[in-house]
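Below, each chain spelled out in residue letters.
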Amino acid sequence: MTYEQGEWLELATPTGGTIRVLKSAHPRARRLRLTVTPKGARLTYPNGTHTAQMTAFLRHHADWLERKLGEFNLDAEPLPPLKVGHDTSFPLRGEAVELDWAEGAYPKVEHHGNRLTLVLPRPHTRALMVARGLLATFFEMQIRRDVSRWLPIYVPLINAAPTALRIRPLKSLWGSLDTRDRINLDLALALAPPAALRYVLVHELCHLKVRNHSPRFWNWVGSILPDYKEQRDWLRVNGSGMKAQLDRLVADVAD
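Residues numbered from 1 in each chain as written. Predicted model: local features only at pLDDT ≥ 70, side-chain atom pairs only at ≥ 80, totals over all residues. Heavy atoms only, no water.

Give a description of helix α3 (residues 127-158) that names residues and reports values.
Helix length check: α3, at 32 residues, gives a terminal C-alpha distance of 44 Å against a target of 46 Å (1.5 Å per residue), a fit within 8%. Considering bend angle alone, the principal kink of α3 is centred on L151 and spans about 40°; proline P152 follows within four residues of it. Positive backbone phi, approximately 60°, marks N159, located one or two places after α3. (Helix = DSSP H or I, 4+ residues; strand = E, 2+ residues; numbered from the N terminus. Expected span 1.5 Å × (residues − 1). Bend = angle between axes of the 7 residues up to and from the residue.)

Laid out in structure tokens, this is it:
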């Protein structure tokens with residue numbers, strides 16, 4: 001059964017649980033769209049959509065929805081928020097790094113081994129926003145550095161190239177290929193091991209040849225990366241943690 005409660009829909013799952021889904025009308029939406037993030041599930045729908053259509057859509061995707069929410073482990077203890085002057089730790093390229101703070105003439109990120117230092121000038125006007133921006137730029141640079149090394153290897157193998165590369169926080173995806181052949185990569189991939197980033201890049205490059213996830217597509221991926229299943233499984237198990245870490249580190253920048 002699915003029950004409507006104001007801005008929420010409650011869905012009874014096949015395993016006997018109950019899932020609350022936030023419903024959100026969007027003026028430019030053309031179809032129902034279900035997304036899952038570390039903050040929960042959201043159903044976006046076109047204006048004028050009848051509740052019966054939404055409930056039927058949710059029931060059809062109940063198994064998928066319960067599985068994805070389970071992957072995000074929403075019952076886990078919340079991560080500590082980023083605070084200026086307070087040291088913290090997080091994964092970078094799959095390895096734990098310690099973040100500390102320092103004062104300097106201009107804002108910058110210093111990276112030495114397993115330590116990252118955010119340097120901020122005084123007075124600390126909008127210091128948290130500046131810190132988040134520094135981290136977002138630093139993470140993007142890490143991804144672009146890796147991708148710039150890999151593209152010359154994989155583009156000739158696939159015999160196709162993207163028209164552009166965009167890196168930004170993505171709510172539920174790790175990557176996508178748009179109709180203009182531009183590749184989008186999730187900024188959270190900077191926190192994952194390079195092998196996981198490599199898999200997502202190759203995945204999207206292979207979509208230049210095959211736009212769906214048919215056996216032919218996966219054959220393309222496997223021919224380029226024989227161990228792709230290992231990296232795909234790693235993202236399924238650990239991906240929610242990466243996205244949650246990114247959210248606390250650069251959330252205001254992403255918004």
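Please provide a residue-by-residue account of helix α1 (residues 51-60), values included.
Structurally, the α-helix is built with 3.6 residues per turn, so residues lying three or four positions apart point the same way. Every buried residue of α1 is listed here: M54, T55, F57 and L58. Down the axis of α1, the buried set is contained in an arc of 160°. They therefore lie on one face. (Buried < 20%, exposed > 50% of the residue type's maximum accessible area, 1.4 Å probe, protein only. Arc of directions from axis to C-beta.)

Now, about the pairing of strand β12 (residues 182-186): what can you tell me, with residues and values included?
Judged by how many residues are buried, β12 sits mostly within the fold: four of five residues are covered. Strand direction decides the pairing type here: strand β11 (residues 175-177) and β12, joined by three bridges, are antiparallel. Looking at β12, one finds that G175 is bridged to L185. Count of turn residues in the β11/β12 antiparallel hairpin: four residues, of which D181 carries a positive phi of about 65°. (Pairing = 2+ DSSP bridges.)

Residue-level account of empty space enclosed by the protein, with values.
Which parts of space are left empty comes out when a probe the size of a water molecule is rolled across the atoms. Within this structure, the stated rule accounts for one cavity of 30 Å³ or more. If you add up the space inside the largest cavity, you get close to 40 Å³. Every residue lining the largest cavity is listed: R93, Q142, I143, D146, L189, A190, A192, P193, P194 and L197. Contributing elements (two or more residues each) for the lining of the largest cavity: α3 and α4 (194-206). With three residues, the single largest contributor to the lining of the largest cavity is α3. (1 Å grid on protein atoms, 1.4 Å probe; cavity = no way out; pocket = protein on both sides within 12 Å on 5 of 7 lines; lining within 4 Å. Points joined across faces, edges and corners; volume = space filled by probe spheres on them.)

Treat this as a map of the structure, not an account of what it does.
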